[in-house]
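Summary of the model geometry
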Amino acid sequence: MSHPLESLFEPGQLKQDADTCQEWGRDWTRSHSPRASAVVFPESVEQVVELVRLAVACRIALVPSGGRTGLSGGAVAANGEVVVSFDRMNRILEFDAADRILTCQAGVVTQAVQQRAAEHGLFYPVDFASAGSSQIGGNVATNAGGIKVIRYGLTRDWVAGLRVVSGKGELLDCNRGLVKNATGYDLRHLFVGSEGTLGCIVEVDLRLAPTPVPQSVMVVGVNRFRDILKVLAEFQAALAPSAFEFFSQVALEKVVAHRNMRPPLAQPTPFYALLEFDSTDLAAAEAAFARTVEAGWVSDGVLSHSEAQARDLWQLREGISESIAQFLPYKNDLSVRISRLPDFLDDVDELVAQRYPDFEVCWYGHIGDGNLHLNILKPEALSIDEFYARCAEVSPEIFRLVAARGGSISAEHGVGLLKRDYLEFSRSGEELAVMAALKQVLDPAQIMNPGKLLA
Ligand code: MLT
Ligand code: ZN
C-alpha cells in the first residue's frame, strides 16, 4: 500500500510490515501495546527536515526512536504513528582534540561514543547497563543519567551543541559547541529531556572528559536503610566517589540467580552499597570502611583487586534490571534531595509494606543522587492487567509522599506515557502551562510524539 511519506524515501527506508511495526513501535516498557503504522529510516539531516515538513502538511504523527531502551513508554507508537528510527544515522562525524568535542549523528550507540572517546585518550562518562543498545539521540531526549552521575552529572552536562529539526521542520543549530555563549535562551537545554515532543535531535556535539585513573569497586553490607546514607557521608568526607549505588537483598538474589553468580559477602544483609572510586584513594577508602564498621552501619565488605573483579561486582548492580524483567515489574523511579532521603525512605517503606503486603518489592538505585528505583514484582498467579491496576491504585499515594518532599516522580526514566498523568505531582500548573505553550511554538501541528510527556 502506498504511503503519503513514500516519495521522500528510497525503497527499504519506509517499512509497513507487521514485524517491523511491532519491533520499532515499542521500547523496553511492556505495559503498552505497539501499533505503529509505518517505520521510516532517514539517512540524512535533509531527509529529516523534509520528513517533518511533509508530516506537518499531511498531519502525520511522528515518534522519534533511538535504541528503544526507555522504561516509560516515550518511544512507544501506540496510536498508529510513524516511527522515525535513527538507526541509519549512526556515524561519528568529527573529533576535535582542541575542543575535546565528538560530533555524532543521533543514532550512534552510547557505547560507540565511549569507545571512540577512549581511542582518543579521553572519556565519555555517561554510562548505564543499556549503553550497548541505547542511542545518543535518545540519551539527549531523555537526559539519561545512569551510574556515574554523582561525579560526572547527566547527559545534559556533556552536550556542547545540538542540531535539531523542530516540529515545524526548521533546522536549529543550538550552541555550536561553545563553552561560553551568553546570547539569550539556551535552546539546547530545552531539547535535552524533551522526549521527542518538540522535534527530532539529529546531531550532537559531546564534550569529553580526561580519562580517570583506574577505578576500584567496593560492595558493603548494610543492615538498615537509613545507614546507607551515613555510609555515603563517611565516604564522601574521605574521597570523591565516581559511583554510589545501592540494592536490597531481594535484588541481589534475583541477579545472582539470573547470572549464576556467587553472593558478594559470606552472610546476607538487608541492603548493599556499591562504591566506585579512584584506586589512588584506596587507603582513604579502607579507613572510611573501617569507620563504618566501627559505627555499626556496615557488617562486611569486599573490594576489587583487578578490573575483572570490579566488573563482576558491578554486575551485581547493573544486572538487576535485566534479571527482574521476567517478573514484569511495576517500576517507580523516584528522587528527592539527599537531605530529605532518610524520612522519605521511611515513609515509602511503610506505605509499600502496608499496601503491597503480598507483593515482592525490589529496591535499588542511585542513592548517591537521591534516586530510588522501587520495583514491584508481579506474582505469577496474578494477571498482568490486574497487577498493574493494583499497583496503579497505590501510585498516587507514593507520588503524594514525593510531592510532599518536593521530589520527582521520574528521576531519570522520563515521563513518556507511563508518568504523564501524574506529572502534577512534580510540576506546578503554571509550569505545565509554560511547557504546553513552548510545545505550541515548536510543534504547532502537534505531530511530535503526541500524548507523551504532556496530555
Ligand atoms: C537502573 O538503574 O538499573 C536503570 O535505571 C534501569 C532500571 O531502573 O530498571
Ligand atoms: Zn537507574
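Presented here is a report on the structure given in the accompanying data block.

Notes on the nonpolar core
With 49 residues, the main nonpolar core has Ile228, Ile367 and Ile376 as its most contacted residues. For this core, the leading source of residues is helix H13 (residues 384-404), giving seven residues. Here isoleucine 376 is in contact with Leu328, Pro329, Tyr330, Tyr356, Phe359, Glu360, Val361, Phe387 and Cys391, once residues within four sequence places are set aside. With 31 residues, the next largest nonpolar core counts Val126, Trp158, Cys174 and Ile201 among its residues.

Quick word on the site of ligand 1
Close to ligand 1 lie Leu71, Arg317, Ser321, Lys331, Tyr364, His366, His373, Glu412 and His413. One of the side-chain N or O atoms of lysine 331 is found 2.6 Å from an oxygen atom in ligand 1. Separating an oxygen atom of ligand 1 from a side-chain N or O atom of histidine 366 is a distance of 3.0 Å. For ligand 1, the protein covers 85% of the area, taking 260 Å² as the surface of the free molecule. Of the residues contributing to the shell around ligand 1, the split by class is two nonpolar, four polar and three charged.

Here we look at the sheet that holds strand E6 (residues 101-105)
Strand order across the open sheet formed by five strands is E5-E6-E10-E8-E9, with antiparallel pairing between neighbours. Of all strands in the sheet, those with a lone pairing partner are strand E5 (92-96) and strand E9 (171-174), marking the two edges. Averaged over all adjacent pairs, the angle separating strand axes in this sheet is 15°, with direction ignored. Sheet topology note: the strand E8 (residues 159-166)/E9 ladder contains four bridges and is antiparallel. Residue pairing across strands places valine 165 opposite leucine 171, the latter belonging to E9. Set on the sheet, helix H2 (residues 45-58) makes contact with E8, E9 and strand E10 (199-207); between it and E10 the angle comes to about 150°. Contacts between helix H3 (residues 110-119) and the sheet are confined to E5, E6 and E10, with E6 contributing the most and set at about 150° to the helix.

A closer look at the pattern of salt bridges
All told, the structure shown has 25 salt bridges when counted by the stated rule. The shortest N-O distance in the salt bridge between arginine 26 and glutamate 23 comes to 3.8 Å. Among the residues examined, arginine 26 registers a relative accessible area of 22% and is labelled partly exposed. Notably, a salt bridge pairs lysine 148 with glutamate 276, separated by 2.6 Å at the nearest N-O pair. With a gap of 128 residues between them, lysine 148 in the loop between helix H4 (136-142) and helix H5 (149-152) and glutamate 276 in strand E14 (residues 271-278) connect regions that are remote in the sequence. What you see here is one network of salt bridges that share partners, running through Arg163, Asp173, Glu203 and Asp205.

Considerations on the coordination of the zinc ion (ligand 2)
The protein atoms that coordinate the zinc ion (ligand 2) are His366 (NE2), His373 (NE2) and Glu412 (OE), at distances spanning 1.9 to 2.1 Å. When the donors of the zinc ion (ligand 2) are listed by position in the chain, the intervening gaps give H-x6-H-x38-E. Of this pair, histidine 373 sits in strand E18 (residues 371-377) while glutamate 412 sits in the loop between H13 and helix H14 (429-442), and the two are 39 residues apart along the sequence. Across this residue pair, the class does not change: histidine 373 and glutamate 412 are buried.

Notes on the packing of helix H7 (residues 225-238) against helix H12 (residues 341-355)
Look at H7 against H12: their axes get within 9 Å of each other, and the N-to-C directions meet at 160°. With respect to H12, the element H7 is oriented roughly antiparallel. Taken as a pair, H7 and H12 cross one another with a handedness that is right-handed. Residues Phe225, Arg226 and Leu229 of H7 form the contact with H12, whose own contacting residues are Leu341, Pro342, Asp343, Leu345, Asp346 and Asp349.

Comments concerning the side chain of asparagine 139
Checked against the element boundaries, asparagine 139 lands in helix H4. Here asparagine 139 is in contact with Thr110, Phe128, Ser134, Ala144 and Thr155, once residues within four sequence places are set aside.

Focus on the packing of aromatic side chains
Evaluated as defined, the whole model comprises 13 aromatic pairs. With a centroid separation of 4.6 Å and 35° between ring planes, the pair formed by phenylalanine 225 and phenylalanine 271 is classed as tilted. Here phenylalanine 271 lies in strand E14 and phenylalanine 225 lies in helix H7, a separation of 46 residues in the sequence. Accessibility assignment for this pair places phenylalanine 225 and phenylalanine 271 in one class, buried. With a centroid separation of 5.4 Å and an interplanar angle of 20°, the aromatic rings of phenylalanine 247 and tyrosine 272 are classed as stacked. Here tyrosine 272 lies in strand E14 and phenylalanine 247 lies in strand E13 (residues 243-248), a separation of 25 residues in the sequence. Here the two residues phenylalanine 247 and tyrosine 272 agree in accessibility, since each one is buried. An aromatic cluster of three or more residues is present, and its members are Tyr330, Tyr356, Phe359, Phe387 and Tyr388.

Conventions and cut-offs
- Residues numbered from 1 in each chain as written.
- Chains lettered and ligands numbered in written order.
- Predicted model: local features only at pLDDT ≥ 70, side-chain atom pairs only at ≥ 80, totals over all residues.
- Heavy atoms only, no water.
- Core = buried A, V, L, I, M, F, W, Y, C linked by side-chain atoms within 4.5 Å.
- Buried < 20%, exposed > 50% of the residue type's maximum accessible area, 1.4 Å probe, protein only.
- Helix = DSSP H or I, 4+ residues; strand = E, 2+ residues; numbered from the N terminus.
- Contact = heavy atoms within 4.5 Å.
- Near = heavy atom within 4 Å.
- Polar contact = N/O pair within 3.5 Å; in protein donor to acceptor, adjacent residues only side chain to side chain.
- Areas by Shrake-Rupley, 256 points an atom, 1.4 Å probe, with all protein chains shown as cover.
- Nonpolar A, V, L, I, M, F, W, Y, C, P; charged D, E, K, R; others polar.
- Pairing = 2+ DSSP bridges.
- Axes fitted to C-alpha atoms, helices over the stretch in contact; angles between N-to-C directions.
- Salt bridge = Lys/Arg side-chain N within 4 Å of Asp/Glu carboxyl O.
- Donors = N, O, S within 2.8 Å, 3.2 Å for Na, K, Ca; no water.
- Parallel < 35°, antiparallel > 145°, perpendicular 65-115°, else oblique.
- Left-handed = near helix turned anticlockwise from the far one by under 90°.
- Phe/Tyr/Trp six-rings, centres within 6.5 Å; stacked < 30°, edge-to-face > 60°.

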